Structures are given as C-alpha cells and as structure tokens.
Amino acid sequence: MSELLPAVEHETASNPTHSIVWLHGLGADGHDFAPIVPELVAPEWPALRFVFPHAPTRPVTINGGMPMRAWYDIADFELHARQDEAGMRASIEAVETLLARENARGVPDEHIVLAGFSQGGAIALAAGLRHPRRLAGIVALSTYLVLGDSLAAERNAANAATPIFQGHGTFDPVVVPPRGADARARLEALGYAVDAHTYPMAHAVCAEEIADLRHWLGQRLAG
C-alpha cells in the first residue's frame, strides 16, 4: 500500500456514510474542484465526505519537464504516445490507499464514488475498474482511457456492472472529443454501462454538466 496522499476534505454533515474521492487534472491540486461541492450536493443526500487528494509533484515532459502536480508523466497528447505506465500504476496504488482509508473511517466501498477530471479521470477509470470490491460509481470528466490494452486482463469482476458517468466538451482542445469517444467505445465493448454526455464547452466543466452529474449521483447515493 502506498503512502497516503494529502487531501482537501469537505463533509456535508457529521459521521459521513458515503464518500466521493475526486482526482484533479494535470497541474492543478485538490483545491481545484472543492468549490463545486455546494452546487453538486442535494439536501436529501446522506452525510457525505468529499476527498480531493493532491497528486505528487513530478516533472512533466510535455510541459518542458516543469515540475507540477501530476498523476503520471505525459510525453505527448497523441493517442499512441508512450505511456508512463509506472506513474499510472503508482497512482492506482495511491487511490487504493485512499479508498482503504475511507473503509477504515466506516465507509464501505459500495458507498464510494471515484471521480476525476482529465488526467485524474483517466486514473479514476483505471483504478476503479481494477478495484477488487464494488464501488457506487465512477465519474470520468473530459478524459480518456489509459492502460487500456491491459484492462480486459486486469479488470475486476466486482466492478463489471458499476455505472460510469462520462462528460466531455465538444470543443475540447486538450483531450479532443475523439479520445473521449474512443474511451466510451472501448469500455462498452467490454460490457460497461457508460452514461455519456457531451456539452458545448472546451476543457472544463459547465453548469449543465454539474446538473446532470448531480442527478446521476443522487441515484448512486440512495443506498
């Protein structure tokens, strides 16, 4: 088990029974999506803990080797560029440690949603689909599939039916829309249920997406 990453946390009420672990994008940190909580949470939801971990700081090749918070190195945004498999797998382990900490605090896996934006979304998918116990759901925003060639062999049957929310901007210049469509097609080919949405935006989130996600999460957090 890897070292526990520092994180920004927000509890909607005392003694949370459910958790959302949310991974930020390249160069951001755990504070990036914390302001979304009031817009996202419905008053009828159970007591909920949001965990926004900070990725480790590392040099990122595509940004001239500049050190920044990143879940793995990126050499190029092209589909077939070399992947930093070691960095990706280290981040998957870091997510497992975060999930285990939620278990230790009394939140079972089936009450945990694993979410992420861009690079964080890629790790949310990679970690969630390999996780050995069923999660409440996986949220993949403006992202793509990593370690996809090994997913069929490494995925865990516990999350074969776990619902996936996918959101993507039709004008995204960073993770271009075909990358999102490719991820959806590959996941659906493996039998995953992907609730896919597109929005007229760039590499971002928008009010319509937040509203759709709020509705989707409400269904997942009912248990």
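This report concerns the structure included in the present document. (Residues numbered from 1 in each chain as written. Predicted model: local features only at pLDDT ≥ 70, side-chain atom pairs only at ≥ 80, totals over all residues. Heavy atoms only, no water.)

1. Digging into the sheet that holds strand β1 (residues 7-11)
Applicable threshold: Strand pairing requires that DSSP identify at least two bridges connecting the strands. Helix and strand assignments follow DSSP, with helices taken as H or I runs no shorter than four residues and strands as E runs no shorter than two, numbered in order from the N terminus. For helices, the fitted line uses only the C-alpha atoms of the stretch in contact; every axis is such a line through C-alpha atoms, and the angle between N-to-C directions lies from 0 to 180 degrees.
Read from one edge of the open sheet, seven strands run β1-β3-β2-β6-β7-β8-β9, paired in mixed fashion. The open sheet terminates on both sides in strands that have one partner only, identified here as β1 and β9 (194-199). Averaged over all pairs of adjacent strands, the angle between their axes in this sheet comes to 15°, without regard to strand direction. Direction of pairing for strand β2 (residues 18-23) relative to strand β3 (residues 48-53): parallel, over a ladder of four bridges. Along β3, the bridge assignment pairs Ser-19 with Arg-49.

2. Thoughts on the packing of aromatic side chains
Note the threshold: Side-chain rings of Phe, Tyr and Trp (the six-membered ring for Trp) are treated as a pair once their centres are within 6.5 Å; stacked means planes under 30 degrees apart, edge-to-face means over 60, and tilted covers the remaining angles. Only lysine NZ and arginine CZ atoms are considered, and such an atom sits over a ring when it is within 6 Å of the ring centre and within 35 degrees of the ring normal.
This model, assessed by the stated rule, comprises five aromatic pairs. Every member of this aromatic cluster is reached through a ring pair, and the members are Trp-22, Phe-33, Phe-50, Phe-52 and Phe-117. Across the ring face of Tyr-144, the terminal group of Arg-179 is positioned such that the distance to the ring centre comes to 4.5 Å. Seen from the ring of Trp-216, Arg-220 lies directly overhead, with NZ or CZ sitting 4.8 Å from the centre.

3. Re the nonpolar core
Cut-off, in case you're wondering: For our purposes a nonpolar core is just a set of buried Ala, Val, Leu, Ile, Met, Phe, Trp, Tyr and Cys residues, chained together by side-chain atoms within 4.5 Å. A 1.4 Å probe rolled over the protein chains alone gives each residue an accessible area, and that area as a share of the maximum for its type sets the label: buried under 20%, exposed over 50%, partly exposed in between. The contact criterion used is simple: two residues touch if any of their non-hydrogen atoms lie within 4.5 Å.
Membership of the largest hydrophobic core comes to 38 residues, with the highest contact counts inside it found for Val-21, Tyr-72, Val-146, Ile-164 and Leu-187. Among the secondary structure elements, those contributing two or more residues to this core are β2, α2 (85-104), β6 (112-117), α3 (119-130), β7 (137-141) and α5 (177-189). In terms of residue count, α3 provides more of this core than any other element does, seven residues in total. Each residue touching Tyr-72, except ones within four places of it in the same chain, is listed here: Arg-58, Asp-84, Gly-87, Met-88, Gln-119, Ala-122, Ile-123, Tyr-144 and Val-146. Judged by nonpolar contacts, the second largest core, of 27 residues, contains Ile-20, Phe-52, Phe-117 and Leu-217.

4. What to know about unusual backbone geometry
At Asn-15, a position not held by glycine, the phi torsion is positive, near 55°. Looking at the element boundaries, Asn-15 is found in the loop between β1 and β2. Judged by relative accessible area, Asn-15 falls into the exposed class, the value being 65%. Phi is positive for Ser-118, which is not a glycine, with a value near 55°. Its location among the elements puts Ser-118 in the loop between β6 and α3. Relative accessible area serves as the criterion here: at 9%, Ser-118 is assigned to the buried category.

5. Some points on the packing of α2 against α3
The cut-off we apply is this: In this scheme, a crossing is called left-handed if the near helix is turned counterclockwise away from the far one by less than a right angle; it is called right-handed if the turn is clockwise. Residues were grouped as follows: Ala, Val, Leu, Ile, Met, Phe, Trp, Tyr, Cys and Pro as nonpolar; Asp, Glu, Lys and Arg as charged; and all remaining residues, including Gly, as polar.
Where α2 contacts α3, the axes come no closer than 9 Å and their chain directions differ by 65°. Between α2 and α3 the crossing geometry is right-handed. Taking contact as the criterion, the partners of Met-88, Arg-89, Ser-91, Ile-92, Val-95 and Glu-96 in α2 are, on α3, Ile-123, Ala-126, Ala-127 and Arg-130. Along the lines of polarity and charge, the residues of the contact of α2 with α3 split into six nonpolar, one polar and three charged.

6. What about the pairing of β2?
Burial runs high along β2: six of the six residues are buried. The alternating pattern of β2 places His-18, Ile-20 and Trp-22 on one face and Ser-19, Val-21 and Leu-23 on the opposite face, and all of these are buried. Bridge count for β2 against β6 is five bridges, and the pairing is parallel. Paired with Trp-22 across the strands is Ala-115, a residue of β6.

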